Each structure stands twice: as C-alpha cells, then as structure tokens.
Amino acid sequence: GQQLNQSPQSMFIQEGEDVSMNCTSSSIFNTWLWYKQDPGEGPVLLIALYKAGELTSNGRLTAQFGITRKDSFLNISASIPSDVGIYFCAGQLRSRDDKIIFGKGTRLHILP
Amino acid sequence: NAGVTQTPKFQVLKTGQSMTLQCAQDMNHNSMYWYRQDPGMGLRLIYYSASEGTTDKGEVPNGYNVSRLNKREFSLRLESAAPSQTSVYFCASSPEAGYGYTFGSGTRLTVV
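The rules behind each value
Residues numbered from 1 in each chain as written. Chains lettered and ligands numbered in written order. Predicted model: local features only at pLDDT ≥ 70, side-chain atom pairs only at ≥ 80, totals over all residues. Heavy atoms only, no water. Contact = heavy atoms within 4.5 Å. Buried area = accessible area lost by both parts, 1.4 Å probe. Salt bridge = Lys/Arg side-chain N within 4 Å of Asp/Glu carboxyl O. Polar contact = N/O pair within 3.5 Å; in protein donor to acceptor, adjacent residues only side chain to side chain. Pairing = 2+ DSSP bridges. Helix = DSSP H or I, 4+ residues; strand = E, 2+ residues; numbered from the N terminus. Axes fitted to C-alpha atoms, helices over the stretch in contact; angles between N-to-C directions. Disulfide = S-S within 2.5 Å. Buried < 20%, exposed > 50% of the residue type's maximum accessible area, 1.4 Å probe, protein only. 1 Å grid on protein atoms, 1.4 Å probe; cavity = no way out; pocket = protein on both sides within 12 Å on 5 of 7 lines; lining within 4 Å. Points joined across faces, edges and corners; volume = space filled by probe spheres on them. Nonpolar A, V, L, I, M, F, W, Y, C, P; charged D, E, K, R; others polar.

## Examining the interface of chain A and chain B
1) Next: With 17 residues of chain A at the contact, the number on the chain B side is 18 residues.
2) Next: Buried surface at the junction of chain A and chain B, summed over both partners, amounts to about 1,500 Å²; 57% is from carbon and sulfur atoms.
3) Next: Counting across the interface, chain A meets chain B through zero salt bridges.
4) Next: Here chain A and chain B share four residue pairs in polar contact (both at pLDDT 80 or more) between them.

This is the structure we're talking about:
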C-alpha cells in the first residue's frame, strides 16, 4: 500500500533549539496533516494543509505543503520541554473520501 | 468534554481469550476508525466505518472483527487473542471519511 517516509525517526535536541522534520511520498497528496502524540495519549491534530505551497503556522509550529504535492515539513521554533512526543505526518491521496495515511512518526527528545 | 472515549484503558489477556474494545464519540461524526500502534510501525488501520451501517477492512484486519453499533459507537473484537496482537489500540472519528481525525486516548492490550 501507499507509504509516507517520515524523517528523522528520532531527534535529540537541546531546549531552545529549532526543530525540523519532513515527510515524503512517491504519490501526490491533496491534503497533508501533522499530529502530535504525547506519552500515553492519542494523537492530536496540530496543522492541516490543503493547497500546494501553503505555509501555515500554529504558535511556534510552522508547516508547509510542498509544491510538488509529494512532501511536507514541520518546523518547531525555540523548543520547550512540553514539545516532547511523537510527531506524525499524514496525508490523503486524492479525494476527501480517501482514508488518511500516517507516517511512522518522529520521536522528539529534549535534553535539559 | 466532547471527544472519543475508549474502554478499557488497560487489558491483559491470555492467548486464546476473546474481548471487545469499546469506542464511543459524541461529536456526531459519520466516520470511525480503529488503529493499532506498535513501536517503529506508526499507526496502522485495522478497520473503518465510513458511515453508520458500513464497515471496511484496513491495512491489518486479520484476527479482528468490528461492529458499528450506531452512529456513536464502533467496537473492535478479538475472537481468539494472540501475542502478536499485543499493542496500543486507538479509535478515531471524523465528520466524514478522510477529514481530520479526533483520536481517543488508547487501550493498552497485552496478550500473554
């Protein structure tokens, strides 16, 4: 089936650093989504992107829908301890009726 | 608070036992989903229900059955549990198929 390649798998950063992660696909997506999962909880939607080239921010988070429709990235500025968790990218292939496909996640660790 | 409620939160089963994981949402969503999450594998779709009265297989349906009891409730049944089904199970819902999902907080299942 369709797969999303999400990288890196894990990151260890110092508090205050900026973070960048990305997701690529061999197929064109019409929608890109970014979720965050806190330890012991379900994923929560952070940002949704619906147009190629779209750049959207949510506080310290910024995500972009790649112009080729085959990739997306998420940036976190000035990381804080509560940013720890797993970040998932997700996409829809064609129409709104398509199921959402999830990447395998990027686990973010913040060193004191 | 409105959302997706999963029960139980934790469960230990012996190989061969059966059980049903319950999921209910109070957001009047049409579509509901069951995922399993395993280390390094991300979120994999087991079954979904695009609307009340319909269910379809996802990526990893073997060993599971589902029932869309009504618009609010979508249950997942393990008829004869196996150690390979040890996982964290998430239920999710969306207003319609493919739209942004809201996840429950998960059921942590161990099969010994």
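## Brief notes about the sheet that holds strand S6 (residues 55-58) of chain A
All names here are of chain A.
1) Next: Pairing within the open sheet is antiparallel, and its five strands lie in the order S1-S3-S8-S7-S6. Sheet topology places strand S1 (4-7) and S6 at the edges, where each strand pairs with a single neighbour. Averaged over all pairs of adjacent strands, the angle between their axes in this sheet comes to 15°, without regard to strand direction.
2) Next: Of the strand pairs in this sheet, S1 and strand S3 (residues 19-25) are connected by four bridges, and their pairing is antiparallel. What sits directly across from Gln6, in S3, is Cys23.

## Details of the state of the cysteines
Residue and element names in this part refer to chain A.
1) Next: With the rule as written, the count across this model stands at two disulfides over all chains.
2) Next: Linked covalently through their sulfurs, Cys23 and Cys89 form a disulfide whose S-S length is 1.7 Å. You can see Cys23 sitting in strand S3 and its partner Cys89 sitting in strand S9 (residues 85-92), a full 66 residues away along the chain. For the pair shown, Cys23 and Cys89 are each scored as buried.

## Things to note about the layout of surface pockets
1) Next: Approximately 1,100 Å³ is the volume found for the largest pocket.
2) Next: Lining of the largest pocket is provided by 46 residues; of these, Gly103 and Lys104 of chain A together with Met41, Gly42 and Leu43 of chain B occupy positions nearest its centre.
3) Next: Secondary structure elements with two or more residues in the lining of the largest pocket: S1, S9, strand S10 (101-102) and strand S11 (106-111) of chain A together with strand S4 (31-38), strand S5 (42-49) and strand S9 (87-94) of chain B.
4) Next: Its residues assigned to classes, the lining of the largest pocket comprises 17 nonpolar, 18 polar and eleven charged.

## Points about the sheet that holds strand S7 (residues 64-68) of chain B
All names here are of chain B.
1) Next: Spatially, the four strands line up as an open sheet ordered S1-S3-S8-S7, and their pairing is antiparallel. The two strands at the open ends of the sheet, each matched to only one other strand, are strand S1 (4-7) and S7. Each adjacent strand pair in this sheet contributes to an overall mean axis angle of 15°, direction not counted.
2) Next: Pairing of strand S3 (residues 19-25) with strand S8 (residues 74-78), which is carried by three bridges, proceeds in the antiparallel orientation. The residue bridging Leu21 from the neighbouring strand is Leu76, located in S8.

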